[in-house]
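One-letter residues, chain by chain:
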Amino acid sequence: MIPLPLVFDAPKKGMPPQHLADLDPAARRARLAELGEKPFRAEQLSRHYFAGHTREQMTDVSGSLRDKLDDLMPELFTQLRVVDCDEGATKKTLWRAHDGTLVESVLMRYPGRTTVCVSSQAGCGMACPFCATGQGGLTRNLSTAEITDQVVRAGEKVTNVVFMGMGEPLANYNRVVAAVRRMVDPTPHGLGMSQRNIVVSTVGLVPAIKRFTEEGLQVTLALSLHAPDDELRNTLVPVNTRWPVREVLEAAFGYTRRTGRRLSIEYALIRDVNDQPWRADMLAKRLKGKLVHVNLIPLNPTPGSEWDASPKPVEQEFVRRLRDAGVNATVRDTRGREIAGACGQLAALE
Ligand code: SAH
């Protein structure tokens, strides 16, 4: 196992009470046994939890066990506010955790699929200057169950999860990987989602990408690149000063080689900052011949930022140059702008 630098160890103060979903199935059975209950009850309770059942719907839970539900499956979040747009197809929820910490998740309905964009941390420590979450700093890591809960409590059948809400997922490594395992667990101990329908997005923490490569998972990795050159990327994604473009791409291609999964490259187009034709060519050169897809994201407005999205013709030229060089590229449709629920806009303000 590759040890992660301590700098990723966010303050643990305020972590929520333990929830069954924090534990793997064996540990859940042990926990039930510890409380004098039959181990098979772990499966029963897990089934109820992942199905999103209310206490009243848990009709097969006996009296003695019922008294322990607050302990085993504490309520992790209070739903503070729901706002929607796109005629209800996009919905942002503000959640308050037990310690008052606020986080947001976004649900997006598309024909044939429903995606939840989950937060992995309250706030973020990566300080990308164009991202509202990055501007607020890191409050704390979310627990595994706090991550799965955003999906469970979406209130409808979720087919896709993207770790593109608040936080840097790979900076909360163990809890995020455990949450992914719960999401893809096909037994009553999980959500039974397809691995291919899960995207983990990272600023590019190289040791963590290497470790993630060894997890035996088949989820999609997205790399927030935003610039093909170190000089600019050092300013847009400050962690680049530690792991430069060449190293981060190498690590991400390594994930692709191991899993056979196509790598997503995220690139927010910022007017006159990273949208020059020569940068498109440089990006193409770095990605050429690799199993990648470039997601160009028109920059979403954030409070206090002096930056704008690139004009449409500039965006189109950027796409054309990538495609001409044989690199897959599309412009992401930015859902949720009107409700500050699009990429980089989650600030979780009450
Ligand atoms: N920390 C992870 C997860 C966040 S994902 C990561 O950085 O990958 C959110 C995506 O939206 C990232 O690619 C991020 O760089 C991008 N983003 C941030 N602010 C944005 C903005 N104002 N407009 C468009 N995209 C933005």
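In this numbering scheme, every chain counts its residues from 1 along its sequence in written order. Totals for whole chains, interfaces and linings use all residues, but because this is a predicted model, local features are given only for residues with pLDDT of at least 70 and pairs of side-chain atoms are given and counted only at 80 or more. The basis for every side-chain value is the complete set of heavy atoms in the structure, and neither hydrogens nor water enter the calculation.

Caption draft 1: Representation of the site of the ligand within the structure. Neighbouring the ligand are 21 residues; Phe 130, Ser 201, Ser 224, His 226 and Asn 300 lie closest to it. Contacts to the ligand include Glu 266, whose side-chain N or O atom sits 3.3 Å from an oxygen atom. Surface exposure here means Shrake-Rupley accessible area, sampled with a 1.4 Å probe, where a residue is shielded only by the protein chains that are shown. Bound to the protein, the ligand loses 95% of the 530 Å² it would expose on its own. In this analysis the probe radius is 1.4 Å and the grid spacing 1 Å, with only protein atoms considered; a cavity is a set of points the probe fits into but cannot get out of, a pocket is an open set with protein on both sides within 12 Å along at least five of seven lines, and lining residues have an atom within 4 Å of a point. For this analysis, a molecule is said to be in a pocket or cavity if more than half of its atoms are within 2 Å of the grid points defining it. A majority-of-atoms criterion places the ligand in the largest cavity. Residue type decides the class: Asp, Glu, Lys and Arg count as charged, Ala, Val, Leu, Ile, Met, Phe, Trp, Tyr, Cys and Pro as nonpolar, and the leftover types, Gly among them, as polar. Residue composition of the shell around the ligand, by class: 10 nonpolar, 9 polar and 2 charged. A single heavy atom is enough: if one lies within 4 Å of a molecule or strand, its residue is considered near that molecule or strand. Between N or O atoms, a polar contact is any pair within 3.5 Å; within protein, one atom must be a potential hydrogen donor and the other a potential acceptor, and residues adjacent in sequence are included only when both atoms are from side chains.

Caption draft 2: Inspection of empty space enclosed by the protein at higher detail. Grid points are joined across faces, edges and corners, and a volume is the space filled by probe spheres set on the points. Overall, the coordinates contain 1 cavity of 30 Å³ or more when judged by the stated rule. Size it by volume and the largest cavity reaches roughly 480 Å³. In terms of lining residues, the largest cavity is bounded by 30 residues, among which Cys 131, Met 164, Ser 224, His 226 and Gly 344 are the most central. A run of H or I in DSSP counts as a helix once it spans at least four residues, and a run of E counts as a strand once it spans at least two, with each numbered from the N terminus. Of all the secondary-structure elements, those providing two or more residues to the lining of the largest cavity are helix H5 (132–136), strand S8 (198–202) and strand S10 (263–269). Grouping the constituent residues of the lining of the largest cavity by class yields 16 nonpolar, 11 polar and 3 charged.

Caption draft 3: Focus on the layout of surface pockets. If you add up the space inside the largest pocket, you get close to 730 Å³. Around the largest pocket, the lining is made up of 31 residues, and of these Val 162, Met 164, Val 199, Asn 295 and Arg 332 lie nearest the centre. Only strand S3 (102–110), strand S4 (113–117), strand S7 (160–163), strand S9 (220–224), S10, strand S11 (292–298) and strand S12 (328–331) provide two or more residues apiece to the lining of the largest pocket. Of the residues that constitute the lining of the largest pocket, the class distribution is 13 nonpolar, 10 polar and 8 charged.

Caption draft 4: Structural view of the domain arrangement of the protein chain. In this document the domain limits rely on a domain assignment from an automatic tool or a database. Annotation of the protein chain at the domain level lists domain 1 (20–72) and domain 2 (77–339). Averaged C-alpha coordinates put domain 1 and domain 2 at centres separated by 33 Å. Two residues form a contact once any of their heavy atoms are found within 4.5 Å. At the interface, 14 residues of domain 1 touch 12 residues of domain 2. By buried area we mean how much accessible surface two parts lose on assembly, using a 1.4 Å probe and totalling the loss over both. Of the roughly 1100 Å² buried where domain 1 meets domain 2, counting both sides, 55% is carbon and sulfur surface. By the criterion of area lost to domain 2, the three top residues of domain 1 are Asp 22, Tyr 49 and Phe 50, representing 51% of everything that side buries. Salt bridge, as used here, is a side-chain nitrogen of Lys or Arg placed within 4 Å of a carboxyl oxygen of Asp or Glu. Our enumeration of links across domain 1 and domain 2 arrives at 0 salt bridges. For the pair domain 1 and domain 2, the number of links is 9 residue pairs in polar contact (both at pLDDT 80 or more). At the level of secondary structure, the elements contributing two or more residues to the side of domain 1 that touches domain 2 comprise helix H1 (25–34) and helix H2 (41–50). At 6 residues, H2 tops the list of elements feeding residues into the side of domain 1 that touches domain 2. Its residues assigned to classes, the side of domain 1 that touches domain 2 comprises 6 nonpolar, 2 polar and 6 charged.

Caption draft 5: Spotlight on the sheet that holds S8. The pairing criterion is simple: DSSP has to find at least two bridges between the two strands. In spatial order, the strands read S1-S2-S3-S4-S7-S8-S9-S10-S11-S12; together these 10 strands make up an open sheet with mixed pairing. The open sheet has two edge strands with one neighbour each: strand S1 (77–85) and S12. Between one strand and the next, the sheet's axes are offset by a mean angle of 20°, whatever the strand orientation. With 4 bridges joining them, S8 and S9 adopt parallel strand pairing. Bridging from a neighbouring strand, Val 199 pairs with Thr 220 of S9. Where helices are involved, their axes are fitted lines through C-alpha atoms of the stretch in contact, as for all axes, and angles between N-to-C directions lie from 0 to 180°. This element, helix H7 (residues 173–184), spans S7 and S8 of the sheet and lies at about 175° to S7. Against the sheet, helix H10 (residues 245–259) engages S9, S10 and S11, with an angle of about 170° to S9.

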